[in-house]
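# Chain and residue survey
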Amino acid sequence: MGVIKKVVRYSPQNAGGITYFNIAFGDWNEYTGKIDDNAVSNNHDRDKILATVAATVIEFTKQFPDTPVYARGSSDARTRLYQMGISSKWDKIQTILDVYGFRNQKWEPFRKNINYYAFMAVRKKK
């Protein structure tokens, strides 16, 4: 098996006059020139990949501390996977980021063991 190129992309978005960045990641498809966020490579490196993506969020919010980062999985299962990743590192994450989950048509502070549709994170103010 060859090398699988993983890509993380931050895309600026605007909703209701609020600017935020959508984070997308997945396998780079050489043929389409796009990120394939539905690819399943089964390399048993899921936790390493999620940790790397999380590290990019930490670095991104260091560079852009007032700009929220939005994340949602390409499927409900992937969104749950991201939630499990946030929950497993929550003690560290909450010292750096304010994280919100979207459910019941509104944003609320992230809490473990609650199913969310999407997530938003912004760097904590010092």
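See the structure shown above.
The following refers to the structure shown. (Residues numbered from 1 in each chain as written. Predicted model: local features only at pLDDT ≥ 70, side-chain atom pairs only at ≥ 80, totals over all residues. Heavy atoms only, no water.)

## What about the overall build of the protein chain?
Along its length, the protein chain carries three helices and seven strands. When the helices and strands of the protein chain are placed in sequence order, the string is β-β-β-α-β-α-α-β-β-β. Among the 126 residues that make up the protein chain, the fraction classed as buried is 36%. About 8600 Å² of surface is accessible on the protein chain, with carbon and sulfur atoms providing 52% of the total. (Helix = DSSP H or I, 4+ residues; strand = E, 2+ residues; numbered from the N terminus. Buried < 20%, exposed > 50% of the residue type's maximum accessible area, 1.4 Å probe, protein only. Areas by Shrake-Rupley, 256 points an atom, 1.4 Å probe, with all protein chains shown as cover.)

## Structural notes on the pairing of strand β5 (residues 97-103)
Pairing geometry for β5 and strand β7 (residues 118-123), over six bridges, is antiparallel. When the sheet's bridge partners are listed, G101 is paired in β7 with F119. Here β5 pairs with strand β6 (residues 106-109) via four bridges, running antiparallel. By the bridge assignment for β6, R103 is matched with K106. Here β5 folds back onto β6, and the loop between the two strands holds two residues, one of which, N104, carries a positive phi near 50°. (Pairing = 2+ DSSP bridges.)

## Details of unusual backbone geometry
At Q105, a position not held by glycine, the phi torsion is positive, near 65°. Looking at where Q105 falls in the secondary structure, it is placed in the loop between β5 and β6. Its identity is not glycine, yet N113 carries a phi of approximately 65°, on the positive side. By relative accessible area, N113 is classed as exposed at 75%.

## A few points about the side chain of S87
Along the chain, S87 turns up in helix α2 (residues 76-88). Aside from chain neighbours lying at most four places away, what touches S87 is F110 and K112. (Contact = heavy atoms within 4.5 Å.)

## Considerations on the nonpolar core
Counting 24 residues, the largest nonpolar core has Y10, I23, L97, V99 and F110 as its most contacted members. Every element with two or more residues in this core is listed here: β2 (18-29), α1 (46-63), β4 (69-71), α2, α3 (90-96), β5 and β7. Of all the elements, α1 adds the most residues to this core, at five residues. The contacts of L97, once residues within four sequence positions are left out, are V57, I58, T61, A121, V122, R123 and K124. Among the nonpolar cores identified, the runner-up in size contains five residues, and Y20, F102, A118 and M120 belong to it. (Core = buried A, V, L, I, M, F, W, Y, C linked by side-chain atoms within 4.5 Å.)

## Overview of the side chain of R123
The topology assignment puts R123 in strand β7. E59 is the oppositely charged side chain nearest to the buried, salt-bridge-free R123, at an N-O distance of 6.9 Å. In this structure the side chain of R123 is engaged in a polar contact, spanning 2.9 Å, whose partner is the backbone oxygen of I58. One polar contact links R123 to T61, side chain to side chain, over a distance of 3.2 Å. Those residues in contact with R123, other than ones at most four positions away along the chain, are I58, T61, K62, P65, I96 and L97. (Lys, Arg positive; Asp, Glu negative; His and termini not counted. Salt bridge = Lys/Arg side-chain N within 4 Å of Asp/Glu carboxyl O. Polar contact = N/O pair within 3.5 Å; in protein donor to acceptor, adjacent residues only side chain to side chain.)

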